[in-house]
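Below, each chain spelled out in residue letters.
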Amino acid sequence: MIGDEKIIGPTAAGIKMAIHPITGFPYLAYQRTGKDENDVSIPADDRKVAVLRYTENGWENLGNKLGISDSRADNQTISFDQAGTPYVSFKEYATSKATLLRYANSGWEVVGSKSFTPLKARAQSFIINSDNEPVVAAFATASSAPFADRQLYITSFSSNQWNNNSPASNIA
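Residues numbered from 1 in each chain as written. Predicted model: local features only at pLDDT ≥ 70, side-chain atom pairs only at ≥ 80, totals over all residues. Heavy atoms only, no water.

(A) View of the environment of Asp131. One can find Asp131 in the loop between β9 (121-128) and β10 (134-140). Its relative accessible area of 58% is what places Asp131 among the exposed residues. Spatially, the C-alpha atoms of Asp131 and Ser158 are 9.4 Å apart, while their sequence positions differ by 27 residues. (Helix = DSSP H or I, 4+ residues; strand = E, 2+ residues; numbered from the N terminus. Buried < 20%, exposed > 50% of the residue type's maximum accessible area, 1.4 Å probe, protein only.)

(B) Layout of the side chain of Gln76. In this structure, Gln76 sits in strand β5 (residues 73-80). A distance of 2.7 Å separates the side chain of Gln76 from the backbone oxygen of Gly14, its partner in a polar contact. When near neighbours in sequence (up to four residues on either side) are disregarded, Gln76 contacts Ala13, Gly14, Ile15, Lys16, Ala29, Tyr30, Gln31, Val49, Ser89, Phe90 and Gln124. (Polar contact = N/O pair within 3.5 Å; in protein donor to acceptor, adjacent residues only side chain to side chain. Contact = heavy atoms within 4.5 Å.)

(C) Broad picture of the nonpolar core. Ranked by size, the top nonpolar core spans 15 residues in total, and within it Val51, Ile68, Ile78, Val88 and Trp108 carry the most contacts. Of all the secondary-structure elements, those providing two or more residues to this core are β2 (26-32), β3 (49-55), β5, β6 (86-92) and β7 (98-104). Of the residues forming this core, the biggest block, three residues, is contributed by β5. In this structure, Phe116, Phe126, Ile128 and Phe157 belong to the second largest nonpolar core, which totals ten residues. (Core = buried A, V, L, I, M, F, W, Y, C linked by side-chain atoms within 4.5 Å.)

(D) Representation of the environment of Trp108 in the model. The residue Trp108 is located in strand β8 (residues 107-110) in this model. Trp108 gets classed as buried once you look at its relative accessible area, which sits at 18%. For the pair Trp108 and Leu62, spaced 46 residues apart in sequence, the C-alpha to C-alpha distance is 8.7 Å. Beyond its immediate sequence surroundings of up to four residues, Trp108 is in contact with Val51, Leu62, Gly63, Ile68, Pro86, Tyr87, Val88, Leu101, Arg102 and Tyr103. Only 2.8 Å separates the side chain of Trp108 from the backbone oxygen of Leu62, close enough to count as a polar contact.

Okay, structure coming up:
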């Protein structure tokens, strides 16, 4: 056990961990769900994605402890670029589309635009590639016409825009 066992609260969903490439400390991205740190039920609309990091002083929130997403979100992923900047992607509950945030200047900022995927995502994930660019992969839901159910969509962010990198044989 590292630090205070009650830092997240009694329940959290989809906990993802990444190790900071420079400090070697863990970061956690998770959905606040169930009950909060004070054992109070979290309303469904407030089940936001939150981020914690470990430092020499213990665990601390990176951004708002109530969540870094504007509203309910899930299916979160966390990673770092080569400079150690944390990125978090998640699926917006209201739109079922992916959003990517980056921590810069002591706050979280949107990369590109919110809900940027052209499809409703069943699931999504991302990495930072060798060119230091975020790459997001998402699987379409059945209601994502013209995308087929479970169709793979891949996009990368470069030159300040999201670019479709899906395999040609995969595009509907």
